[in-house]
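Analysis of the macromolecular model
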Amino acid sequence: MKIKNHKYKSKLLIVEDSSILVLQKKEEKKRFVLAGGFLKKKESPEEGLIREVHEETGVNLTKENIKYYASTTIVDSNKNALTRHYFLLLTNGQKFENKEPNKFKSLKWVKWTKAIKFINPSDKNVIERLFNSID
């Protein structure tokens, strides 16, 4: 199958005990997203993640702060592909803030079992796999 359009995203899994840090979208329907977003052309998954996390939360990550965890690719019926790269935050202690209040209602810690009810299916699967490997 020939892919018409392939886009890439990097997402950050920020975990503390049984909770995960999520951004709540500014929509009527409750929806959570992980920090991160689309990569620019010629940007590595790590570079895109560092840029996006800074834009959304104000935190300055380095490649030493993050560890690759997993990737997923979904191809839709129109032959458009979306690959998501997931990274774990290794060192915390930095203060995360909602730096894009026009896009996000809040940034908050949510128990992972609650968060997955309001998050997209790809992120949900990765979060479940992560926490099930910890338990």
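Just above sits the structure.
Residues numbered from 1 in each chain as written. Predicted model: local features only at pLDDT ≥ 70, side-chain atom pairs only at ≥ 80, totals over all residues. Heavy atoms only, no water.

1. A short note on helix 1 (residues 45-57)
- Helix length check: helix 1, at 13 residues, gives a terminal C-alpha distance of 18 Å against a target of 18 Å (1.5 Å per residue), a fit within 8%.
- Check the buried side of helix 1 and you find it contacts strand 1 (5-13), strand 3 (19-25), strand 5 (35-38), strand 6 (66-75), strand 7 (80-89) and strand 8 (104-111).
- Gly 58 sits one or two positions beyond helix 1 and adopts a positive phi of about 80 degrees. (Helix = DSSP H or I, 4+ residues; strand = E, 2+ residues; numbered from the N terminus. Expected span 1.5 Å × (residues − 1). Contact = heavy atoms within 4.5 Å.)

2. Focus on the layout of surface pockets
- If you add up the space inside the largest pocket, you get close to 190 Å³.
- Taken together, 16 residues form the lining of the largest pocket, with Lys 9, Lys 11, Lys 25, Val 33 and Gly 36 sitting closest to its centre.
- Only strand 1, strand 4 (32-33), strand 5 and helix 1 provide two or more residues apiece to the lining of the largest pocket.
- Looking at the lining of the largest pocket, the element that brings in the most residues is strand 5, giving three residues.
- Residues belonging to the lining of the largest pocket are distributed by class as follows: five nonpolar, three polar and eight charged. (1 Å grid on protein atoms, 1.4 Å probe; cavity = no way out; pocket = protein on both sides within 12 Å on 5 of 7 lines; lining within 4 Å. Points joined across faces, edges and corners; volume = space filled by probe spheres on them. Nonpolar A, V, L, I, M, F, W, Y, C, P; charged D, E, K, R; others polar.)

3. A short note on the environment of Asp 123
- Mapped onto the elements, Asp 123 comes out in helix 3 (residues 121-134).
- Looking at Asp 123, the relative accessible area reads 0%, which means it is buried.
- Asp 123 sits 90 residues away from Val 33 along the chain, and the two C-alpha atoms are 8.2 Å apart.
- Aside from chain neighbours lying at most four places away, what touches Asp 123 is Lys 11, Leu 34, Arg 84 and Tyr 86. (Buried < 20%, exposed > 50% of the residue type's maximum accessible area, 1.4 Å probe, protein only.)

4. Regarding a nonpolar patch on the surface
- The grouping of Met 1, Ile 3 and Val 75 at the surface amounts to a nonpolar patch, some 290 Å² of accessible area in total.
- Within the secondary structure layout, Val 75 lies in strand 6. (Patch = residues over 30% accessible without salt bridge, like charges linked within 9 Å, V, L, I, M, F, W, Y side chains within 5 Å. Areas by Shrake-Rupley, 256 points an atom, 1.4 Å probe, with all protein chains shown as cover. Salt bridge = Lys/Arg side-chain N within 4 Å of Asp/Glu carboxyl O.)

5. A few points about the environment of Asn 120
- Mapped onto the secondary structure, Asn 120 falls in the loop between helix 2 (112-115) and helix 3.
- Taking the C-alpha atoms as reference, Asn 120 lies 16 Å from Ala 81; in sequence the two are 39 residues apart.
- Within the local environment of Asn 120, its side chain forms a polar contact with the backbone nitrogen of Asp 123, the two atoms lying 2.9 Å apart. (Polar contact = N/O pair within 3.5 Å; in protein donor to acceptor, adjacent residues only side chain to side chain.)

6. Points about unusual backbone geometry
- With phi around 55 degrees, Asp 17 is a residue other than glycine that occupies positive phi space.
- As for its position among the elements, Asp 17 is in the loop between strand 2 (15-16) and strand 3.
- Of the residues examined, Asp 17 reaches a relative accessible area of 70% and is grouped as exposed.

7. A word on the sheet that holds strand 6
- Overall, mixed pairing links the four strands, which are arranged 5-1-7-6 in an open sheet. A single partner strand is all that each edge strand has here, and the edge strands are strand 5 and strand 6. Between one strand axis and the next, the sheet turns through 15 degrees on average, direction left out of account.
- Here strand 1 pairs with strand 5 via four bridges, running antiparallel. By the bridge assignment, Ser 10 is partnered in strand 5 with Gly 37.
- Sitting on the sheet, helix 1 is in contact with strand 1, strand 5, strand 6 and strand 7, with an inclination near 120 degrees to strand 5.
- Contacting strand 1, strand 6 and strand 7, helix 3 crosses the sheet at an angle of about 140 degrees to strand 6. (Pairing = 2+ DSSP bridges. Axes fitted to C-alpha atoms, helices over the stretch in contact; angles between N-to-C directions.)

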